[in-house]
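Below are the chains, spelled out letter by letter.
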Amino acid sequence: MSRPRLPIGTFGTIGFQTASNGRVTARARYRDWDGKSRLVQATGGTKRAAEHALKAKLADRTLFQPSGTSLSADSPFPDLVTYWLEDLDIEDRLSKTTRQLYERNMRTLVMPAFKDLTLREIGVARCDHFLKHLAKQSYNRAKQARVVLRLALGLAVRHEVLHRNPMDHVSRLRRPVSTPNALTPAEVNAVRAAIAYWEAGRSPSGPKPDGQLGAIIEVMLGTSARIGEVLAIRRRDIDVTSATPSIRITGTIVSRRGEPTMRQDHPKTAKSRRTVAIPSFTAEAVRRRLTRLEDTSPDALLFCSREGTPLTTNNLRRQLRHVLDLAGITGVTPHMFRRTVATAINEQAGVDLAAELLGHTDPKITIQHYIRRNEMVNPVTAEMLDRVFGKER
């Protein structure tokens, strides 16, 4: 009668062999997940030690069903990173910009701390310690590192290289308390004056102005659009002839590594695609810009280089910083105009309209990141307290 076949995931009788140097080898047949029986062995200084080492090896072997990857729990972390990036490319769900951002964050933030470790050595405590120390330097860096580390280790779990993701149990990152800053009307006018002075050619330094920076600021103030969205506005997106002039936000400008700057045919989120009625100061700036635009095609960009190519967001930021530095104005970024608009609309009509204008799906985002808190309590409280506690005359 033939010997009964081992069930999958189990091993047979352990045998021992002693070498001339006294080392003991423990051996056993193990039936893998593919149904094949393989000889597994381990050595130790004694029979008991060899048996213990073999059983530990077999215990690890039973945890996972082999997949198409050559990765194991003993693989170096950089091997997982390579495998993860290849998997991202196979899935092809991310935009090129996000794919490049993930790789950059992995290589610059995570790899320096994990490159000499095997996957088996990456546990909850190590990940938790890494993120807490990184958060002391920068909350945003820690958040970005957490995203890519969780994704890479999650892939190892899904492909049965690891049996759990240590990132599932790390402590929650605590965002530092901060208050969104926005410009006052007086500060906005100071920025306008500084740009007008520079565009008039009165500044002694810097490249010759082309008249676009002032119009870009007016469009940001009149639409709340992100700088990339403003630079992506085309002639076809503009309506300044109707009773209610408007601009449709339909794309953004992206600059990917190794590729020319281009217009992306969709903005940051689905709700970011919107049509915004523009105030008179924005409509006036757009009309002036349209008269100077040589390209009459519907897809011509409102703001572009002399060759008609897209402007880069980084160059625009540098130009704005240079112009304002000449005027002694510091700390103003393009995104601050978005917060300034959100704050103004919130004070005039409430947070729901501010969120709608900014293209946010959740007003909580608008409140937390875009609206400057008004510290002035309603002055009616002074009248009320006078009525209750006022001294008799």
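As shown above, the structure is provided for reference.
## Thoughts on the environment of Ala19
- Examined against the element boundaries, Ala19 turns out to sit in the loop between strand 1 (15-18) and strand 2 (24-31).
- You can call Ala19 partly exposed: its relative accessible area is 39%.
- A sequence separation of 67 residues divides Ala19 from Glu86, and the C-alpha atoms of the two residues are 44 Å apart.

## Some details on the sheet that holds strand 4 (residues 238-239)
- Read from one edge of the open sheet, three strands run 4-5-8, paired in antiparallel fashion. Strands at the two margins of the open sheet, each flanked by one partner only, are strand 4 and strand 8 (274-277).
- Here strand 4 runs beside strand 5 (residues 246-249); their pairing, made up of two bridges, is antiparallel. From the neighbouring strand, Ile238 faces strand 5, where its bridge partner is Ile247.

## Notes on the packing of helix 3 (residues 96-114) against helix 5 (residues 139-158)
- The contact between helix 3 and helix 5 brings their axes to 9 Å, and the two run at 90°. Considered as vectors, helix 3 and helix 5 are oriented roughly perpendicular to each other. Within the contact between the two elements, helix 3 uses Tyr102, Asn105, Met106, Leu109, Val110 and Phe114 and helix 5 uses Arg141, Gln144, Ala145, Val147, Val148, Leu149, Leu151 and Ala152.
- Broken down by class, the residue content of the contact of helix 3 with helix 5 amounts to eleven nonpolar, two polar and one charged.

## Some words on helix 5
- Look at helix 5: 28 Å from first C-alpha to last across 20 residues, which is about the 28 Å you get at 1.5 Å a residue.
- On its buried face, helix 5 is in contact with helix 2 (77-91), helix 3 and helix 4 (124-137).
- Immediately beyond the C-terminal end of helix 5, within one or two residues, lies Glu160, with a positive phi of roughly 60°.

## Here's the deal with the nonpolar core
- Residues Ile216, Val286, Phe303 and Phe337 are the most contacted members of the largest nonpolar core, which totals 51 residues.
- Elements with a minimum of two residues in this core: helix 6 (185-199), helix 7 (212-223), helix 8 (227-231), strand 5, helix 9 (280-292), helix 10 (313-326), helix 11 (334-349) and helix 12 (351-358).
- In terms of residues, this core owes the most to one element, helix 7, which gives seven residues.
- Discounting residues that sit within four places of it in the chain, Phe303 has contacts with Gln212, Ala215, Ile216, Val219, Val230, Leu231, Arg289 and Leu311.

## With respect to the side chain of Thr250
- If you trace the backbone, Thr250 turns up in the loop between strand 5 and strand 6 (252-254).
- A residue is classified by how much of its surface remains accessible, and Thr250, at 7% relative accessible area, is buried.
- Among the polar contacts made by the side chain of Thr250, one reaches the side chain of Arg234 at a distance of 3.3 Å.
- Reaching out from Thr250, the side chain makes a polar contact with the side chain of Arg263 at a distance of 2.7 Å.
- When residues no more than four places from it in sequence are discounted, the contact partners of Thr250 are Arg234, Asp237, Arg263, Asp265, His266, Pro267 and Arg273.

## With respect to the packing of aromatic side chains
- One pass over the full model with this rule turns up three aromatic pairs.
- Centre to centre, the rings of Trp84 and Tyr102 are 6.4 Å apart; their planes meet at 20°, and the pair counts as stacked. Pair noted here: Trp84 is in helix 2 and Tyr102 is in helix 3, with a separation of 18 residues, a long-range link. The exposure classification of Trp84 matches that of Tyr102, with both residues buried.
- Taken together through their ring pairs, the aromatic side chains of Phe77, Phe114 and Phe130 make up a single cluster.
- A cation over an aromatic ring shows up here: Arg192 above the ring of Phe281, its NZ or CZ 5.1 Å from the ring centre.

## Describing the layout of surface pockets
- There is about 720 Å³ of room inside the second largest pocket.
- Looking at the lining of the second largest pocket, the elements with two or more residues in it are helix 9 and helix 10.
- Among the elements that take part in the lining of the second largest pocket, helix 10 stands out by supplying five residues, more than any other.
- Taken together, the residues that form the lining of the second largest pocket break down as ten nonpolar, seven polar and nine charged.

## Looking at the environment of Asp265
- Turning to its location among the elements, Asp265 is positioned in the loop between strand 7 (262-264) and strand 8.
- C-alpha of Asp265 to C-alpha of Leu183: the two residues are 82 residues apart in sequence and 31 Å apart in space.
- Those residues in contact with Asp265, other than ones at most four positions away along the chain, are Arg234, Thr250, Gly251 and Arg273.
- A polar atom in the side chain of Asp265 sits 2.9 Å from the side chain of Arg263.

Parameters and conventions
- Residues numbered from 1 in each chain as written.
- Predicted model: local features only at pLDDT ≥ 70, side-chain atom pairs only at ≥ 80, totals over all residues.
- Heavy atoms only, no water.
- Helix = DSSP H or I, 4+ residues; strand = E, 2+ residues; numbered from the N terminus.
- Buried < 20%, exposed > 50% of the residue type's maximum accessible area, 1.4 Å probe, protein only.
- Pairing = 2+ DSSP bridges.
- Axes fitted to C-alpha atoms, helices over the stretch in contact; angles between N-to-C directions.
- Parallel < 35°, antiparallel > 145°, perpendicular 65-115°, else oblique.
- Contact = heavy atoms within 4.5 Å.
- Nonpolar A, V, L, I, M, F, W, Y, C, P; charged D, E, K, R; others polar.
- Expected span 1.5 Å × (residues − 1).
- Core = buried A, V, L, I, M, F, W, Y, C linked by side-chain atoms within 4.5 Å.
- Polar contact = N/O pair within 3.5 Å; in protein donor to acceptor, adjacent residues only side chain to side chain.
- Phe/Tyr/Trp six-rings, centres within 6.5 Å; stacked < 30°, edge-to-face > 60°.
- Lys NZ or Arg CZ within 6 Å of the ring centre and 35° of its normal.
- 1 Å grid on protein atoms, 1.4 Å probe; cavity = no way out; pocket = protein on both sides within 12 Å on 5 of 7 lines; lining within 4 Å.
- Points joined across faces, edges and corners; volume = space filled by probe spheres on them.

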